[in-house]
Every structure is written in C-alpha cells, then in structure tokens.
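Spelled out, the chains give:
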Amino acid sequence: NVQRNLQNHVQAKLVNGVITIPVVVNVIYNTTAQNISLSQIQSQIAVLNEDYNAKNADTSLIPTIFKSVKGNVRISFVLDSVRRKSTTKTSWTTNDAVKKTSSGGLDPLSPTTKLNLWVCNLGSGLLGYAQFPGGSSTTDGVVILYSAFGSKLKYSAGTYTTTYNLGRTATHEVGHWLNLR
C-alpha cells in the first residue's frame, strides 16, 4: 500500500524491487545554528532508511498494537542535493511560505520526481508538517524543525532539541507524505 501511494505521489525509481526516492533538503536559516551541517542531514537520511526498512536498532520498542504491521517496505531514500538559503525571517508557520521563494523560502525542486524536505525554525512549538498526496506540486513535501532533524545518536555534534533528537519527526512526517494517517 505504501509503494502504491508512493508511485501515485512521485515518479520514484524502482530497482530490484526497491523504490529509490531522491531527497532534496532545503535548509532555510536565520542563525548559524539553524544552518545545520551536511553530517546532520546525512544522519536523517540514515534514520529514514532504517525506519522504513525495519532495520533500526530499537524495533523492540514498537508498541504491541503495531508489531503486526512492522516490516521492510523496500524504500531507499537517497540524498540528491542540499540547498541553503539565508533569511531575515526568524520563524515559520504551516502556511507553506517556507516552500516559496517569493516569501523568503525556496520553491520545491522537481517535486514530481523528488521528495523535498524543508528544514527551518518552525514557530509555535511545531516539530514538522507534511503535505499529503494530491496537493499542489508547488508546495509538495515535508517541513521539519531544524533541531528535530537528524539523529544525535548518529551525529552528536549537530544542533538538536533535548527530546526530539532521534530523527523520528521526519520519519513520522514522511509517512504522512506517503499517505499514511
């Protein structure tokens, strides 16, 4: 079901039964701390690959109610490019302005063939949000709070929140992008 939703959402590449999704990370920053490193970005890609293929070390912590649906969905996330943009804007909301160059953010890059992730300073205590399939290609993708992006376990020198530092916010939001409620 995830693979069918993905194929309807983006033109991913299928090789040996594995769907490869190229990922564009758009880093929109106001401070040095918000301009996260390539290593922190790579740690997030690693977490996505582990989580979507049931290869993460903590699968034993999956709640009993969900254990029967755990599995390898045969999706590979591959970092395609990182785009960075400095801004005078101090925080963003869920109005998709971060996804628009005209509003100080960055327009998505090839949204019909690539997953766009925006990393920025989300306000109001938000960790992230995603667009479900079927929305406009001009806003297609996922937005994540810069300090909830990546894994402190994989790259400890990054900029992280105390509580949400394992890369699971992106895993959760990419699930919505794949049409998982």
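Higher on the page you've got the structure.
Below: a short report on this structure. (Residues numbered from 1 in each chain as written. Predicted model: local features only at pLDDT ≥ 70, side-chain atom pairs only at ≥ 80, totals over all residues. Heavy atoms only, no water.)

**Observations regarding the packing of aromatic side chains**
Quick reminder of the rule: Centre distance within 6.5 Å is the pairing criterion for rings of Phe, Tyr and Trp, where only the six-membered ring of Trp is used; planes under 30 degrees apart are then read as stacked, over 60 as edge-to-face, and the remainder as tilted. The criterion is that NZ of a Lys, or CZ of an Arg, lies within 6 Å of the ring centre and within 35 degrees of the ring normal, and then a charge sits over that ring.
Within this structure, the stated rule accounts for 1 aromatic pair. In this structure, Arg181 is placed above the aromatic ring of Phe132, and the distance from its NZ or CZ to the ring centre is 4.0 Å.

**Focus on the environment of Thr31**
Threshold: Numbering of helices and strands runs from the N terminus; a helix is a DSSP stretch of H or I covering at least four residues, while a strand is a stretch of E covering at least two.
Turning to its location among the elements, Thr31 is positioned in the loop between strand 2 (18-29) and helix 2 (38-52). Sequence spacing of Thr31 and Arg83 is 52 residues, and the spatial spacing of their C-alpha atoms is 16 Å.

**Regarding the pattern of salt bridges**
What counts is decided by this rule: Within this document, salt bridges are pairs made up of a side-chain nitrogen of Lys or Arg and a carboxyl oxygen of Asp or Glu, the two lying within 4 Å of each other. Three exposure classes are used, based on accessible area relative to the maximum for each residue type with a 1.4 Å probe and protein chains only: buried under 20%, partly exposed in between, and exposed over 50%.
Counted according to the given criterion, the structure contains 5 salt bridges. Note that Lys154 and Glu50 form a salt bridge whose closest N and O atoms lie 2.8 Å from each other. Linking Lys154 in the loop between strand 6 (142-145) and helix 4 (168-177) with Glu50 in helix 2, this pair joins segments that are 104 residues apart in sequence. In this structure Glu50 comes out as partly exposed when scored by relative accessible area, which is 25%. The salt bridge partner of Lys99 is Asp96, with a shortest N-O separation of 3.2 Å. Residue class for Lys99 comes out buried when judged on its relative accessible area of 1%. Look at Asp96 and you get buried, because its relative accessible area is 16%.

**Quick notes on the packing of helix 2 against helix 4**
Rule in force here: Structural elements are reduced to axes, namely lines fitted to C-alpha atoms, with helices fitted over the stretch in contact, and the angle between N-to-C directions of any two is expressed from 0 to 180 degrees. Roughly parallel refers to an angle under 35 degrees, roughly antiparallel to one over 145, roughly perpendicular to one between 65 and 115, and oblique to any angle outside these ranges. Left-handed describes a crossing in which the near helix is turned anticlockwise from the far one by less than a right angle; the clockwise case is right-handed. Residue contacts follow a heavy-atom distance rule, with two residues in contact if any of their heavy atoms lie within 4.5 Å. When residues are sorted by character, Ala, Val, Leu, Ile, Met, Phe, Trp, Tyr, Cys and Pro go into the nonpolar class, Asp, Glu, Lys and Arg into the charged class, and all the rest, Gly among them, into the polar class.
Two elements in contact, helix 2 and helix 4, have axes whose closest approach is 9 Å; the angle formed by their N-to-C orientations is 60°. By the angle class used here, helix 2 and helix 4 are oblique. In this structure, helix 2 crosses over helix 4, and the sense of that crossing is right-handed. Between helix 2, through Gln44, Val47, Leu48, Asp51 and Tyr52, and helix 4, the contact on the second element is made entirely by Arg168, Ala170, Thr171, Val174 and Gly175. Taken together, the residues of the contact of helix 2 with helix 4 sort by class into 5 nonpolar, 3 polar and 2 charged.

**Let's talk about helix 4**
With respect to burial, helix 4 is a largely interior element, 8 of its 10 residues being buried. When we look at burial in helix 4, the residues that qualify are Thr169, Ala170, Thr171, Glu173, Val174, Gly175, His176 and Trp177. Immediately downstream of helix 4, the backbone of Asn179 shows phi near 80°, a positive value.

**Here's the deal with the nonpolar core**
Applicable threshold: Here, the term nonpolar core denotes a set of buried Ala, Val, Leu, Ile, Met, Phe, Trp, Tyr and Cys residues that are joined through side-chain atoms within 4.5 Å.
Residues Phe77, Leu115 and Val174 are the most contacted members of the largest nonpolar core, which totals 36 residues. Those elements that place two or more of their residues in this core are strand 2, helix 2, strand 3 (75-86), strand 4 (115-120), strand 5 (128-130), strand 6 and helix 4. Considering each element in turn, this core owes the most residues, 6 residues, to strand 2. Ignoring any residue separated from it by four or fewer positions in sequence, one finds Phe77 in contact with Ile21, Val23, Ile45, Leu48, Asn49, Tyr52, Leu115 and Val174.

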